[in-house]
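The chain contents come next:
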Amino acid sequence: GVLTTPLNMSGLVLVMFLPTFYAVDMGLGFTSVGIIFALGRFFDVVTDPLIGNLSDETRSRLGPRQPWMVVGVPLYCVAVFLLLSPPETAGPVYLTVVSAAFFLCYTMVDVPYSSVGLEVSPDIHERSYLAGSKAVFQVVGAIAAASIPALLGLAVPEALHMTYLVIVGLALAGLTLFLAAVPVRNRPVTAPRLNLFKAAHRILSEPHYRVLIGSFFIVQAANALTTGLTLLYITHVIGSPALEGPLIGLLFLSTAIFLPLWIYLSRRFSKKQSWMTAISVCCVA
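First, a word on what this report is: a plain description of the structure on this page. Computed from a prediction, not measured in an experiment: that's the story for all the values here.

1. Brief notes about the overall build of the protein chain
- Counting its regular elements, the protein chain contains eleven helices and zero strands.
- In sequence order, the protein chain lays out its α and β elements as α-α-α-α-α-α-α-α-α-α-α.
- For 285 residues, the compact-globule estimate of 2.2 N^0.38 gives 19 Å, and the protein chain sits close to it at 20 Å.
- Projected onto the principal axes, the alpha-carbon positions of the protein chain cover approximately 55 × 40 × 35 Å.
- Counting over 285 residues, the protein chain shows a buried share of 34%.
- Restricting the contact set of the protein chain to residue pairs at least 6 apart, pairs at least 24 apart contribute 76%.
- About 16,100 Å² of surface is accessible on the protein chain, with carbon and sulfur atoms providing 72% of the total.
- Averaging the locations of the 16 positively and 13 negatively charged side chains of the protein chain gives two centres separated by 15 Å.

Below, the structure written as structure tokens:
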């Protein structure tokens, strides 16, 4: 789970700090920055299933996932550096190219890495514990990303550079631990290999999966809107920028505190009922 921490750190920095940094400090404007990051997300729509399919079809001594991670982590570190430490002359073209590289490298690491979490154990309850432990490391990454600027009292460029150093150190350590400790699952090939389009058609032809992925899309869209607007809301609506760090820290701390409860409920009842309950609680909150 250690590799989850730097991945989540960079994801949170991208959503919460970089838009304002590039729009205001770098002078690109919110409209240009918003369009560029939106295009990067649409790029993900293509690269996520593509790399997932390529990872599924990879055969190597290291297994199907590890080769992608071994290549992806160093490239991801370079992309994070370029994104968090831009030159003073950086403009829209620079941000477009670098953000596209970041999204691609992030996907090269995260999609195979997340797939391993489903493959380590065949037991559905053990998978819940694996997902829960991964979520703990996500919370650690989120708290670290939110607290580094506040704790060190650095200006935004210096804070982003310090965050980059932490991300790279954790990413390399996480990959090393992953390769040393996680078992390789080389699966026998029992069906014809599918290209991306055939694989997507087979998946989307399943009605239950379409309902699941539709629900997931709605929930994740809500999460993204909330996360992306939180800092702007605290700064411009509440009018208390000093509360940014404490409120974000409280948000993620509560996530960590209640993780054992949701894991228990998923085991006691079902993952579906627990998820529906969690969404209802979120809507009320």
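2. Section: the state of the cysteines
- Under the definition given, this model contains zero disulfides.
- The thiol of C77 is unpaired, and the distance to the nearest cysteine sulfur, on C105, comes to 9.6 Å.
- When its relative accessible area of 8% is taken as the criterion, C77 is described as buried.
- Of the cysteine sulfurs around C282, a residue in no disulfide, the closest is that of C283, at 7.0 Å.

3. So, the nonpolar core
- Core analysis: the biggest nonpolar cluster contains 49 residues, and L18, Y22, Y76, L83, L84, L95 and F102 have the highest contact counts within it.
- Every element with two or more residues in this core is listed here: α1 (4-16), α2 (18-25), α3 (30-57), α4 (66-84), α5 (92-119), α6 (124-152), α7 (156-181) and α10 (244-268).

4. Notes on the packing of α1 against α5
- With their axes 11 Å apart at the nearest point, α1 and α5 run at an angle of 145° to one another. Every pair of crossing elements has a handedness; the one defined by α1 and α5 is left-handed. For the pair formed by α1 and α5, the contact residues are T4, L7, S10 and L14 on the first element and F102, F103, Y106, V109, D110 and Y113 on the second.

5. Overview of the environment of R127
- Within the fold, R127 resides in helix α6.
- Look at R127 and you get partly exposed, because its relative accessible area is 29%.
- Taking the C-alpha atoms as reference, R127 lies 32 Å from A100; in sequence the two are 27 residues apart.
- Ignoring anything within four residues of it in the chain, the contact list for R127 reads G117, L118, S121, P122 and K271.

6. A word on a nonpolar patch on the surface
- Nonpolar side chains collect at one region of the surface, where I203, L204, Y209, L212, I213, F216 and W275 lie side by side and expose about 600 Å² of accessible area between them.
- Elements with a minimum of two residues in the nonpolar patch: α8 (196-204) and α9 (207-238).
- With respect to the secondary-structure elements, L204 resides in helix α8.
- Given a relative accessible area of 45%, L204 falls into the partly exposed group.

7. Quick look at the environment of T227
- By secondary structure assignment, the location of T227 is in helix α9.
- Separated by 98 residues in the primary sequence, T227 and Y129 have C-alpha atoms spaced 25 Å apart.
- Those residues in contact with T227 that lie beyond four places of it in its chain are L12, V15 and M16.

Reading the values: rules and limits
Residues numbered from 1 in each chain as written. Predicted model: local features only at pLDDT ≥ 70, side-chain atom pairs only at ≥ 80, totals over all residues. Heavy atoms only, no water. Helix = DSSP H or I, 4+ residues; strand = E, 2+ residues; numbered from the N terminus. Rg over C-alpha atoms; globule rule 2.2 N^0.38 Å. Buried < 20%, exposed > 50% of the residue type's maximum accessible area, 1.4 Å probe, protein only. Contact = heavy atoms within 4.5 Å. Areas by Shrake-Rupley, 256 points an atom, 1.4 Å probe, with all protein chains shown as cover. Lys, Arg positive; Asp, Glu negative; His and termini not counted. Charge placed at Lys NZ, Arg CZ, Asp CG, Glu CD. Disulfide = S-S within 2.5 Å. Core = buried A, V, L, I, M, F, W, Y, C linked by side-chain atoms within 4.5 Å. Axes fitted to C-alpha atoms, helices over the stretch in contact; angles between N-to-C directions. Left-handed = near helix turned anticlockwise from the far one by under 90°. Patch = residues over 30% accessible without salt bridge, like charges linked within 9 Å, V, L, I, M, F, W, Y side chains within 5 Å. Salt bridge = Lys/Arg side-chain N within 4 Å of Asp/Glu carboxyl O.

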